[in-house]
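# Observations on chain architecture
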Amino acid sequence: MNITMLYSKLHRATVTDANLNYVGSITIDQDLLDAAKMRVGQKIDIVNINNGERFSTYIISGERGKGDICLNGAAARKVHKGDKIIIIAYASMSEEEAERYKPKIIILNDDNTIAQAFEGLE
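Owing to the predicted nature of the structure, the values given are computational and were not obtained by experimental measurement. Chains are numbered independently. Their residues run from 1 in the order of the written sequence. Per-residue local features of the predicted model are confined to residues with pLDDT of at least 70, and side-chain atom pairs are confined, for both listing and counting, to 80 or more; whole-chain, interface and lining totals are unaffected and use all residues. Hydrogens are left out, water is left out, and the side-chain values use all remaining heavy atoms of the structure.

### A short note on the nonpolar core
Buried residues of nine kinds, namely Ala, Val, Leu, Ile, Met, Phe, Trp, Tyr and Cys, make up a nonpolar core once their side-chain atoms join them within 4.5 Å. Using a 1.4 Å probe on the protein chains alone, a residue whose accessible area is under 20% of its type maximum counts as buried, one over 50% counts as exposed, and one in between counts as partly exposed. Ranked by internal contacts, the top residues of the largest apolar core, which has 27 residues, are L10, I26, I28, L71, I85 and I87. Every element with two or more residues in this core is listed here: β1 (2–14), β3 (25–29), α1 (30–36), β4 (43–48), β5 (54–62), β6 (69–72), β7 (84–94) and β8 (104–108). For this core, the element with the highest residue contribution is β7, accounting for 5 residues. Residue contacts follow a heavy-atom distance rule, with two residues in contact if any of their heavy atoms lie within 4.5 Å. Setting aside chain neighbours within four positions, we find I87 in contact with S8, K9, L10, A13, I26, I28, M38, I44, D45 and I69. A run of H or I in DSSP becomes a helix once it reaches four residues, and a run of E becomes a strand once it reaches two; helices and strands are each numbered from the N terminus.

### Some details on the sheet that holds β3
Judged by pairing direction, the sheet is mixed, and its 9 strands sit side by side in the order β2-β6-β3-β5-β4-β7-β1-β8-β9 without closing on themselves. What marks the edges here is a single partner per strand, and that holds for β2 (17–19) and β9 (114–119). Along the sheet, successive strands turn relative to each other by an average axial angle of 30°, direction set aside. In this description, strands pair whenever DSSP reports at least two bridges between them. Between the N-to-C directions of two axes lies an angle of 0 to 180 degrees, each axis being a line fitted to C-alpha atoms and, for a helix, fitted only over the stretch in contact.

Put into structure tokens, the structure is as follows:
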């Protein structure tokens, strides 16, 4: 049996833009993707701390070092520039893998630079 577990998250990311006329998804700075071990095309959930919205989309890569967190397409209606969001990635694991796996947690500063990075929830 497999179980869906937290894989990694970007905590308190600041939305830098919302582009309604783009095809869709979320653009995330590639440096942040690398830090969180997230992948282009990966399904993720987004939780908007400011308004409580929760929704799913997929990742596209943004330019390294710019700190971009841009919601695109219909998702742009669920955020405003400056909102704080949590970007959550999950993975399907066997029970044995889930026992050993420690999710990567990246806490961000207001400018989307990394304030803290650690593994595990304890």
